[in-house]
Amino acid sequence: MKVAVIGGTGLIGTRIVAALTADGHEVVSASRATGVNSYTGEGLAEALAGVEILIDVSNSGYLDERGANDFFYGSTLNLLTYGAAAGVRHHVALSVVGTDRLARTEGGYFAAKAAQERLIRGSGRPYSIVHSTQFFEFIASIADAATSQHIARLSHALIQPIAAQDVAAAIESVAFGTPVNGVVEFAGPDQFRLGKLVREDFRIRDDPRELVADPLARYFGTDLDERELLPGPDATITPTRLSEWIAQEAAELR
Ligand SMILES: NC(=O)c1ccc[n+]([C@@H]2O[C@H](COP(=O)([O-])OP(=O)(O)OC[C@H]3O[C@@H](n4cnc5c(N)ncnc54)[C@H](OP(=O)(O)O)[C@@H]3O)[C@@H](O)[C@H]2O)c1
């Protein structure tokens, strides 16, 4: 079966492309690096020719709200339009647990993701939206966004992070199933306080930054309620624990 992975060169995309290729599927890895621009439409018709499943794991930056809105709106519209013309029978997109409520209260990047989801829902195309919690690989970016003048300030909000490899496996399983025409949630096995998680990240990287617990600290510019990043009760819990992922990372570095 022919599958296109939009953002196939990214963190999640490379893992999906590798898994699909290993499973014997014909895979188009589409990104600007491979000559496909989902935002301008360049190379899209060629990339989607004969494709039955379109997996969108592309991304914009997290800090530029206007840029994120432009990107997710324009790109998603193109993917749905070109996808319909190519006969795509399942549109699968990766988004973030809590997008709706965070978009309502805070806007920013989440407003852009909510717009992406609304376009897909309203398209009339068969689709599945995969909601994931934050990736283990993203913890360093959380720390960086929380840092000013060498001090990281983190709130007590809870987070239930997930391994990128498990996200890729989840997306593959959803993509080959019947379109759910709705949202399915995936999360890692354990909950942490944001501060504790970042402290652990600093410890394994010998990062000398000071860490301060600050109940009013914002998360990428967003005020978080304690449970706002957590999945709902129906989420599928993926297997890899943070400690296992850290051990794997350390082994790869050796
Ligand atoms: N970070 C988290 O913890 C988290 C949690 C849940 C969900 N998500 C979602 O996961 C998705 C993927 O995140 P990621 O971390 O894997 O992203 P990433 O590593 O930043 O990769 C983004 C991909 O998008 C491609 N891309 C960017 N602009 C493009 C364009 N105009 N046309 C075609 N491709 C383009 C990039 O390749 P080129 O630069 O070559 O174009 C790259 O392959 C995002 O939608 C995000 O909302 C993230």
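These numbers were taken from a predicted model, which means no experiment stands behind them.

### Quick look at the sheet that holds strand 11 (residues 210–213)
For step 1, the next point in the chain: One open sheet accounts for 3 strands, arranged 6-7-11; its pairing is mixed. With partners counted over all chains shown, the strands left at the sheet margins are strand 6 (147–148) and strand 11, one partner each.
For step 2, the next point in the chain: In terms of strand pairing, strand 6 meets strand 7 (residues 151–154) through 2 bridges, oriented antiparallel. Pairing of T147 across the sheet is with A152, part of strand 7.
For step 3, the next point in the chain: Set on the sheet, helix 8 (residues 194–204) makes contact with strand 7 and strand 11; between it and strand 11 the angle comes to about 170°.

### What about the nonpolar core?
For step 1, the next point in the chain: Counting 61 residues, the largest nonpolar core has A4, V5, L54, I55 and I171 as its most contacted members.
For step 2, the next point in the chain: With 7 residues, the single largest contributor to this core is helix 7 (residues 164–175).
For step 3, the next point in the chain: Discounting residues that sit within four places of it in the chain, I171 has contacts with I16, I55, V92, L94 and V130.
For step 4, the next point in the chain: One finds F72, Y109, F110 and A112 within the second-largest nonpolar core, a separate group that totals 8 residues.

### A closer look at the UniProt feature "domain: NAD(P)-binding" (unreviewed entry) in the protein
For step 1, the next point in the chain: UniProt tags residues 7–171 as "domain: NAD(P)-binding" (unreviewed entry).
For step 2, the next point in the chain: The span residues 7–171 is 45% helix and 18% strand, and its two end C-alpha atoms sit 13 Å from each other.

### Let's talk about the site of the ligand
For step 1, the next point in the chain: Close to the ligand lie 26 residues; G7, G10, S31, R32 and A33 are nearest.
For step 2, the next point in the chain: Residue assignment for the shell around the ligand shows that the elements contributing at least two residues are helix 1 (11–22) and strand 4 (90–96).
For step 3, the next point in the chain: Across the shell around the ligand, the residue classes tally to 11 nonpolar, 13 polar and 2 charged.

### A few points about the packing of helix 1 against helix 7
Think of two packed helices as two axes; the pair is described by the angle between the axes and how far apart they sit.
For step 1, the next point in the chain: Between helix 1 and helix 7, the least distance of the axes is 9 Å, while the angle of their chain directions is 55°. If you check the angle between helix 1 and helix 7, you find them oblique. Judged by the sense of rotation from one axis to the other, the crossing of helix 1 with helix 7 is right-handed. Every residue of helix 7 that contacts helix 1 at L11, I12, R15, I16, A19 and L20 is listed here: A164, Q165, V167, A168, A169, I171 and E172.

### Describing the pairing of strand 5 (residues 127–132)
For step 1, the next point in the chain: Within strand 5, 6 of the 6 residues are buried, leaving the element largely enclosed by the surrounding structure.
For step 2, the next point in the chain: Alternating residues of strand 5 divide into Y127, I129 and H131 and S128, V130 and S132, and every residue in both groups is buried.
For step 3, the next point in the chain: Relative to strand 5, strand 4 runs parallel, the two being bridged by 6 bridges. Across the sheet, V96 pairs through a bridge with S132, a residue of strand 5.

### As for the sheet that holds strand 3 (residues 53–56)
For step 1, the next point in the chain: Taken in spatial order, the 7 strands line up as 2-1-3-4-5-9-12 in an open sheet, and their pairing is parallel. The strands lining the two open edges of the sheet, one partner per strand, are strand 2 (26–30) and strand 12 (236–237).
For step 2, the next point in the chain: Sheet topology note: the strand 3/strand 4 ladder contains 4 bridges and is parallel. What sits directly across from D56, in strand 4, is A93.
For step 3, the next point in the chain: In this fold helix 3 (residues 65–86) packs onto strand 1 (2–6), strand 3 and strand 4, with an angle of close to 170° to the strand it touches most, strand 3.
For step 4, the next point in the chain: Lying on the sheet, helix 5 (residues 108–121) is in contact with strand 4 and strand 5; it crosses strand 4 at an angle near 160°.

Definitions and cut-offs
- Residues numbered from 1 in each chain as written.
- Predicted model: local features only at pLDDT ≥ 70, side-chain atom pairs only at ≥ 80, totals over all residues.
- Pairing = 2+ DSSP bridges.
- Helix = DSSP H or I, 4+ residues; strand = E, 2+ residues; numbered from the N terminus.
- Contact = placed C-beta atoms within 7 Å.
- Axes fitted to C-alpha atoms, helices over the stretch in contact; angles between N-to-C directions.
- Core = buried A, V, L, I, M, F, W, Y, C linked by C-beta atoms within 7 Å.
- Buried ≥ 20, exposed ≤ 12 C-beta atoms within 10 Å, placed from the backbone.
- UniProt positions renumbered as here; feature names shortened; annotations may be inferred.
- Near = placed C-beta within 6 Å.
- Nonpolar A, V, L, I, M, F, W, Y, C, P; charged D, E, K, R; others polar.
- Parallel < 35°, antiparallel > 145°, perpendicular 65-115°, else oblique.
- Left-handed = near helix turned anticlockwise from the far one by under 90°.

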